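Residue strings, one per chain:
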Amino acid sequence: GERTPDIQTTLNIADVLGVPMGFFFQGDIEFVESTGVSFRSRNSELRKATREKAIASLTLACRDLEKEVRSRFNLPAPDLPHVTGVAPWMAAARVRSEWKLGVYPIPSMIRLLEAKGIRVYWFDETDKSVDALCKIEKAIPYIVLSQRERGGERMRFDLAHELGHLVMHRGMKDMSRKQIESEADQFASAFLMPEEQFRKEFPANSSMRHLLNQKSRWGVSLAAMIHRCYDLKLYSEYQYKSAFQKIGNNGWRLEEPGRLPVETSRVWESVFDYLSSLGVTIDDFAAKLNLHKEDIFSLVPYSKVVNKAESEESLRRKNLTLEELGYSAPEDAFS
């Protein structure tokens, strides 16, 4: 506040920080507080840089994209049960009951959550220690997923895990991080694989071949199914350990057979397809928010698909020949 930089200095600052000039002239930024953000992390200590980058993505989602999209579209109102004081499997059953899901596998976790008013965004991060985060901000629940490459089965579990936090852990302060994460995992397992139907389709002592055959139907990993079989006493401790040993021996801990495709967002497909039909490009959308389109790519992967289609259409238009335009030179033009 001591002095205003000149235009060239401002351009230089914008270039170094990777933001458009307009970013500096949009008033004060309302940051999302880190309090109440739940991270699905593989490490007990999440790297500060990764944590800050993820929260920055959540801030852009809440402050910019959410506001802009809600100004143009009517999004589903949040319908999120709040269940406390019960076991995670009971909380999962309560949510399934209130959402009238029955006991069968869920075809698409992303589309289910979006239909219930939970906003799903992404962040571009190479750090493998964090898979997702969630928070309720101004009465709207958000889940932000890492774009780190992994199978659709693992991303579905991440989504169910974060749903468990949103349902069970609002305002929780008297529980350890380890206990909270364990409860969210238990919730996800019970939510994706409800006991009643799971028992019917997974008899005791189910073989690894049977688990593999059921993977695409239930949309979960082999490890998740093995854990569930053990929790429901369909596997003994020996069978449980033996199954994981087989996974390790086959090199399936990092890459399982039958990898499922990553789910897509119906909301963002609808939003960007409609904007595209109006002639609003990804560049236009980003400029309206004073962001680079790479920021939009990070928050909404589907925008990359739309941008690629726009680029291909632009090239097609630019490369039209004179004949395609219906023009032919006079016969005596070169005589």
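Here, every reference points to the structure presented above.
These remarks concern the structure in this document. Everything numeric in this text was worked out from a predicted model, so none of it was measured.

Turning to the environment of Arg-217, a few remarks are in order. Tracing the sequence through the fold places Arg-217 in helix 8 (residues 208–218). Its relative accessible area of 41% is what places Arg-217 among the partly exposed residues. Residues Arg-217 and Pro-105, spaced 112 residues apart in sequence, show a C-alpha to C-alpha distance of 7.0 Å. Other than its neighbours up to four places away in sequence, Arg-217 contacts Tyr-104, Pro-105, Gln-197 and Glu-201.

Take Glu-33: it is sitting in the loop between helix 1 (7–17) and strand 1 (38–41). In this structure Glu-33 comes out as exposed when scored by relative accessible area, which is 54%. Distance in space between the C-alpha atoms of Glu-33 and Lys-135 is 9.8 Å, their sequence separation being 102 residues.

Attention now goes to a nonpolar patch on the surface. Taken together, the side chains of Ile-13, Val-16, Leu-17, Phe-24 and Phe-25 present a nonpolar region at the surface, about 520 Å² in accessible area. Summarising the element assignment, Ile-13 is placed in helix 1. The partly exposed category is assigned to Ile-13, whose relative accessible area is 34%.

Taking 1.5 Å per residue as the helical rise, helix 5 (residues 152–168) with its 17 residues ought to reach 24 Å, and the 24 Å between its terminal C-alpha atoms agrees with that figure. Of all the 17 residues making up helix 5, 16 are buried; the element is thus mostly covered by neighbouring parts of the structure.

Leftover empty space is mapped by rolling, across the atoms, a probe with the size of a water molecule. Applying the stated rule across the entire model yields one cavity of 30 Å³ or more. Looking at the largest cavity, its volume works out to about 90 Å³. Elements with a minimum of two residues in the lining of the largest cavity: helix 2 (48–72), strand 2 (119–123) and helix 11 (266–277). Class assignment of the residues belonging to the lining of the largest cavity gives a composition of eight nonpolar, no polar and three charged.

Leu-65 and Phe-191 are the most contacted members of the largest nonpolar core, which totals 88 residues. Residue contacts for Leu-65: discarding those within four places in its chain leaves Leu-60, Tyr-121, Trp-268, Phe-285, Leu-289, Leu-291, Ile-296, Leu-299 and Val-300.

Attention now goes to the pattern of salt bridges. Applying the stated criterion across every chain, the model contains 20 salt bridges. For Asp-79, the salt bridge goes to Lys-116, with nearest N and O atoms at 3.8 Å. Linking Asp-79 in the loop between helix 2 and helix 3 (88–98) with Lys-116 in the loop between helix 4 (109–115) and strand 2, this pair joins segments that are 37 residues apart in sequence. What makes Asp-79 partly exposed here is its relative accessible area of 33%. Given a relative accessible area of 17%, Lys-116 falls into the buried group. With its nearest N and O atoms 2.3 Å apart, the salt bridge here joins Asp-131 to Arg-148. In this pair, Asp-131 is assigned in strand 3 (residues 130–137) and Arg-148 in the loop between strand 4 (140–146) and helix 5, connecting sequence segments 17 residues apart.

Rules behind the numbers
- Residue numbers here run from 1 along each chain, matching the order of that chain's written sequence.
- Local features in this predicted model are restricted to residues of pLDDT 70 or higher, and side-chain atom pairs are both shown and tallied only at a pLDDT of 80 or more, whereas totals for entire chains, interfaces and linings draw on every residue.
- Side-chain metrics in this entry use all non-hydrogen atoms of the structure; hydrogen atoms and water are not considered.
- The helix count covers DSSP runs of H or I at least four residues long, the strand count covers runs of E at least two residues long, and both are numbered beginning at the N terminus.
- Throughout this description, buried means an accessible area under 20% of the type-specific maximum (1.4 Å probe, protein chains only), exposed means over 50%, and partly exposed covers the range between.
- A contact between two residues is defined here by any heavy atoms of the two lying within 4.5 Å.
- For patch detection, residues must exceed 30% relative accessible area and be free of salt bridges, and they are connected within 9 Å for like charges or within 5 Å for nonpolar side chains (Val, Leu, Ile, Met, Phe, Trp, Tyr).
- For accessible areas, the Shrake-Rupley method is used with a probe of radius 1.4 Å. Any residue's cover is judged against the shown protein chains and nothing else.
- Should a side-chain nitrogen of Lys or Arg be within 4 Å of a carboxyl oxygen of Asp or Glu, the pair is scored as a salt bridge.
- How far a helix is expected to stretch is found by multiplying one less than its residue total by 1.5 Å.
- Both cavities and pockets are sets of points on a 1 Å grid over the protein atoms alone; in a cavity a 1.4 Å probe fits but cannot get out, in a pocket the set is open with protein on both sides within 12 Å along at least five of seven lines, and lining residues sit with an atom within 4 Å of a point.
- Grid points are joined across faces, edges and corners, and a volume is the space filled by probe spheres set on the points.
- Amino acid classes used here: Ala, Val, Leu, Ile, Met, Phe, Trp, Tyr, Cys and Pro are nonpolar; Asp, Glu, Lys and Arg are charged; the rest, including Gly, are polar.
- Residue types Ala, Val, Leu, Ile, Met, Phe, Trp, Tyr and Cys, when buried and joined through side-chain atoms within 4.5 Å, form a set referred to as a nonpolar core.

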